[in-house]
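Coordinates in review
Next come the chains, spelled out residue by residue.
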Amino acid sequence: VSDTGKIIGDGFELEVRAMYTYQDFYIHEGFLIHGEAEAIKAGSAVTAEVDAERRWDIMRNHTVTHLTHTALRKVLGSHIKQSGSYVGPEHMRFDFPHHQPMTLAEIRAVEEIVNNEIIKGTNVNTEVMDIEAARKTGAMALFGEKYDEKVRVVSVGDFSKELCGGTHVSSISQIGPFFITLETGIASGVRRLEAITGRKAIEYMLDAKKYRQDVAGIIGRPEQDSLAGVKQLKEEHSVLQKEL
């Protein structure tokens, strides 16, 4: 997805909601939040400010997509190939061919592999080279993508290497925690995975902690015993229903 932010000029301020290309032009789409439209003309822009926090969210979710791709291949097999994806500030989405739903154990294994890699803090390296030279390094190309003679190779140590032109963090430690929030089928033999990182993942962790604390408080047990307490309540409820 494109960056958002502001373009500020002499007599106007534009809130940029999207940016895209058309032929040889870069089109900025947004709302005029100050000044008159007539003030916007060639040479009138003074500064352009990118929404930095949103861009960081995008970079985290993009780099973790590469890590997830490798982790899925380690857990499910070498047949895993990206067959669609979305990278935005709120989450990342990854589509891949697989013959059955992932088990909870497989999902946890992917999360563990990615999170264990993140805490290593490996630098993300980018290099521009010829397409043939890139293929010889073992860099993964996406099926169906068209590449120029010169390509950009994004690598994370010995863990991941892909052809990619997108924006990434400089160190994978900047991704923060990683959690898979959805795994579902979208077509015959195609699965979809969604995941969160950074600020969203921290919010997810804190909400999960509060949920455990609330459950423990309701049943009057320590957090580590709360699941056993819920199971006991369910069993007692079932017995009482039968007696009733």
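One can find the structure itself at the top, above this paragraph.
Now for a quick tour of the structure. (Residues numbered from 1 in each chain as written. Predicted model: local features only at pLDDT ≥ 70, side-chain atom pairs only at ≥ 80, totals over all residues. Heavy atoms only, no water.)

1. Looking at the pairing of strand S10 (residues 178-187)
Two elements, S10 and strand S11 (residues 190-197), share 8 bridges in a ladder whose sense is antiparallel. Each residue of the ladder has a partner; that of Thr-184, found in S11, is Arg-192. Taking the residues that link successive antiparallel strands as the turn, the S10-S11 hairpin has 2 residues, and the phi of Gly-189 there is positive, at about 75°. (Pairing = 2+ DSSP bridges. Helix = DSSP H or I, 4+ residues; strand = E, 2+ residues; numbered from the N terminus.)

2. Here's the deal with the sheet that holds strand S4 (residues 45-50)
Strand order in this open sheet of 4 strands is S3-S2-S1-S4, and the pairing throughout is antiparallel. Here the strands that pair on one side only, and so sit at the sheet edges, are strand S3 (25-35) and S4. Averaged over neighbouring strand pairs, the angle between their axes works out to 30° when direction is ignored. As defined by bridge partners, strand S2 (residues 12-22) adjoins S3 across 10 bridges and the pair is classed as antiparallel. What sits directly across from Phe-12, in S3, is Gly-35. (Axes fitted to C-alpha atoms, helices over the stretch in contact; angles between N-to-C directions.)

3. Regarding the pattern of salt bridges
Within this structure, the stated rule accounts for 14 salt bridges. Two residues, Arg-17 and Glu-15, come together in a salt bridge whose shortest N-O distance is 2.7 Å. For Glu-15, a relative accessible area of 26% translates into the label partly exposed. Salt bridges linked by common partners bring Glu-53, Asp-57, Arg-60 and Arg-199 together as one network. (Salt bridge = Lys/Arg side-chain N within 4 Å of Asp/Glu carboxyl O. Buried < 20%, exposed > 50% of the residue type's maximum accessible area, 1.4 Å probe, protein only.)

4. Digging into the pairing of strand S6 (residues 92-97)
Bridge count between strand S5 (residues 84-87) and S6: 4 bridges; the pairing is antiparallel. The residue of S6 that forms the bridge with Tyr-86 is Arg-93. Taking the residues between adjacent antiparallel strands as the criterion, S5 and S6 are bridged by 4 residues. Relative to S11, S6 runs antiparallel, the two being bridged by 6 bridges. Bridge assignment links Arg-93 to a residue of S11, and that residue is Glu-194.

5. Thoughts on the packing of aromatic side chains
Under the definition given, this model contains 2 aromatic pairs. Ring geometry for Phe-179 and Tyr-204: centres 5.2 Å apart, planes at 40°, overall tilted. Residue Phe-179 is found in strand S10, and its partner Tyr-204 is found in helix H4 (residues 198-219); the two are separated by 25 residues along the sequence. (Phe/Tyr/Trp six-rings, centres within 6.5 Å; stacked < 30°, edge-to-face > 60°.)

6. What to know about the nonpolar core
One finds Leu-67 and Leu-72 to be the most contacted residues of the largest nonpolar core, which totals 27 residues. At the level of elements, helix H1 (52-76), S6, helix H2 (104-118), strand S8 (150-156), S10 and S11 are the ones that each hand at least two residues to this core. When residues in this core are grouped by element, the largest group, 6 residues, is from H1. Judged by nonpolar contacts, the second largest core, of 7 residues, contains Ile-131, Ala-139, Val-151 and Leu-163. (Core = buried A, V, L, I, M, F, W, Y, C linked by side-chain atoms within 4.5 Å.)

7. Observations regarding unusual backbone geometry
Unlike most non-glycine residues, Gln-23 shows phi in positive territory, near 55°. Looking at the secondary structure, you find Gln-23 in the loop between S2 and S3.

8. What to know about the sheet that holds S8
Spatial ordering of the open sheet is given by S7-S8-S9, a layout of 3 strands whose pairing is antiparallel. Strands at the two margins of the open sheet, each flanked by one partner only, are strand S7 (124-130) and strand S9 (160-163). Each strand of the sheet is rotated relative to its neighbour by a mean of 25°, with strand direction disregarded. Bridge count between S8 and S9: 4 bridges; the pairing is antiparallel. The residue bridging Val-156 from the neighbouring strand is Ser-160, located in S9. The strands that H1 touches are S7, S8 and S9; relative to S9, the one it contacts most, it runs at about 115°. (Contact = heavy atoms within 4.5 Å.)

9. A word on H1
Its 25 residues give H1 an end-to-end C-alpha distance of 36 Å, which sits within 8% of 36 Å, the value for a rise of 1.5 Å per residue. Its side-chain oxygen placed 3.4 Å from the backbone nitrogen of Glu-53, Asp-51 serves as the N-cap of H1. (Expected span 1.5 Å × (residues − 1). Polar contact = N/O pair within 3.5 Å; in protein donor to acceptor, adjacent residues only side chain to side chain.)

10. Brief notes about the environment of Ser-188
Relative to the assigned elements, Ser-188 resides in the loop between S10 and S11. Judged by relative accessible area, Ser-188 falls into the exposed class, the value being 79%.

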